[in-house]
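A look at the structure
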Amino acid sequence: EEVAVLDLRAVPSKPSVDWFLFASARSRSHMRTLARSVSHSLKQSGVLMFGGPPLIEGGDSDEWMLVDGGRAVVSVLTREARRSIQLEDHWLELGATVALQMPPPPRAPRAPDAAAAAAALRAS
């Protein structure tokens, strides 16, 4: 969902990472699916880590997973963890710049409850 891409190339004494992407997940299963999808996409693009697919860390966590693509790292967190950890703010304070910011997609309107819809039809 909500995505931010930080450019770390200007951060002094940074690790060997140029890009840090943050994404929010709605649930643990959503988080796992996003991390696996990112890893698969990186692998399909030819990104290999130590001769194998990009590394996925945090698989036992209920709040975060990290996909290490070498010069690009993707952090998938639950909304709650992302708000409490505020890792993006840490990198911005160190000199990273925001390369891309995407708000969460708009929520689709909920379908009316069948009983409420039937009651509304009877009332009219």
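Below: a short report on this structure. The model shown is predicted, which means the values in this text are computed figures rather than measured ones. (Residues numbered from 1 in each chain as written. Predicted model: local features only at pLDDT ≥ 70, side-chain atom pairs only at ≥ 80, totals over all residues. Heavy atoms only, no water.)

Let's talk about helix H1 (residues 28-44)
Keep this limit in mind: The numbering of helices and of strands both runs from the N terminus, where a helix is a DSSP run of H or I of at least 4 residues and a strand a run of E of at least 2. For a helix, the expected span equals 1.5 Å multiplied by the residue count minus one. Only protein chains enter the accessibility calculation, which uses a 1.4 Å probe; a residue whose area is less than 20% of its type maximum is buried, one above 50% is exposed, and one in between is partly exposed. Note that the arc is computed from the directions linking the helix axis to the C-beta atoms.
The terminal C-alpha atoms of H1, which comprises 17 residues, lie 24 Å apart, in line with the 24 Å expected from a rise of 1.5 Å per residue. Those residues of H1 not exposed but buried are His30, Met31, Ala35, Ser39 and Leu42. Buried residues of H1, viewed axially, fall in a sector of 165°; they line one side. Turned more than 90 degrees from where H1 packs its buried face, Ser29, Arg36 and Gln44 sit exposed. Positive backbone phi, at 95°, marks Gly46, one or two positions downstream of H1.

A look at the pairing of strand E5 (residues 72-78)
Inclusion rule: Two strands pair if DSSP finds at least two bridges between them.
Judged by how many residues are buried, E5 sits mostly within the fold: six of seven residues are covered. Taken together, the seven bridges between strand E2 (residues 19-25) and E5 define a ladder with parallel strand orientation. Within E5, the position partnered with Ser24 by the bridge is Leu77. Sheet topology places strand E4 (residues 64-68) next to E5; five bridges connect them, and they run antiparallel. Following the sheet pairing, Val67 is matched in E5 by Val74.

Just geometry here; none of it tells us what the structure is for.
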